[in-house]
Amino acid sequence: MKPLFGVGLVLVMAACQDMPLETEAADTVIVSPTHDNLRLMRGYRSTDDDCQLTGETAFTIDFLDDAADLVSCPSGSDAAQSLVDMYDARQVAETGGYTVYSVPRR
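Structure report, in brief. (Residues numbered from 1 in each chain as written. Predicted model: local features only at pLDDT ≥ 70, side-chain atom pairs only at ≥ 80, totals over all residues. Heavy atoms only, no water.)

Regarding the pattern of salt bridges
The test is simple: Salt bridges are counted wherever a side-chain nitrogen of Lys or Arg sits within 4 Å of a carboxyl oxygen of Asp or Glu.
Considering all chains together, one arrives at 2 salt bridges under this definition. Two residues, Arg45 and Asp49, come together in a salt bridge whose shortest N-O distance is 2.8 Å.

Some details on the sheet that holds strand 5 (residues 98–104)
By way of backbone hydrogen bonds, the strands of a sheet pair with one another, either parallel or antiparallel. Formally: Strands are labelled as partners when DSSP assigns at least two bridges between them. Each helix corresponds to a stretch of at least 4 residues labelled H or I by DSSP, and each strand to a stretch of at least 2 residues labelled E; elements are numbered beginning at the N terminus. Lines fitted to C-alpha atoms define the axes here, with helix axes fitted over just the stretch in contact, and angles between the N-to-C directions of these axes take values from 0 to 180 degrees.
Spatially, the 5 strands line up as an open sheet ordered 1-2-3-5-4, and their pairing is antiparallel. The sheet terminates laterally at strand 1 (39–43) and strand 4 (90–95), the two strands that pair on one side only. On average, adjacent strands in this sheet sit at an angle of 35 degrees to one another, irrespective of strand direction. By the bridge criterion, 5 bridges tie strand 4 to strand 5 in an arrangement that is antiparallel. Bridge pairing in strand 5 places Gln91 opposite Tyr101.

Let's talk about the environment of Asn37
Here is the rule we go by: Here, residues are in contact when the closest pair of their heavy atoms is within 4.5 Å. In protein, a polar contact requires one atom able to donate a hydrogen and another able to accept it; more generally it is a pair of N or O atoms within 3.5 Å, and residues adjacent in sequence count only if both atoms are side-chain atoms.
Relative to the helices and strands, Asn37 is located in the loop between helix 2 (21–27) and strand 1. Beyond its immediate sequence surroundings of up to four residues, Asn37 is in contact with Thr57, Phe59, Thr60 and Thr95. Within the structure, the side chain of Asn37 is placed 2.7 Å from the side chain of Thr95, a separation counted as a polar contact.

Coordinates in, geometry out; function isn't part of it.
Shown next as structure tokens:
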């Protein structure tokens, strides 16, 4: 019985040595886009759309147009590409990981 207990204890201890994942995970940094210069209002095409209707700020004031919506999408995202393809959106700026588009209303 004692040899079996000893083998089990050795296996448990060996498994514990393979758990330095906490230090590895602590070294991993996930960078998500920031929107410090943007006033993101709501999803543009739906409530969960990554592309967001964008309001007026000191950064966006020069891009506002009464005949177009200002929309910001995470740069390089599929959502950004589909916005360009679907609505003929025109890129007007980039900031903090977001690309800002002017989307004609007419």
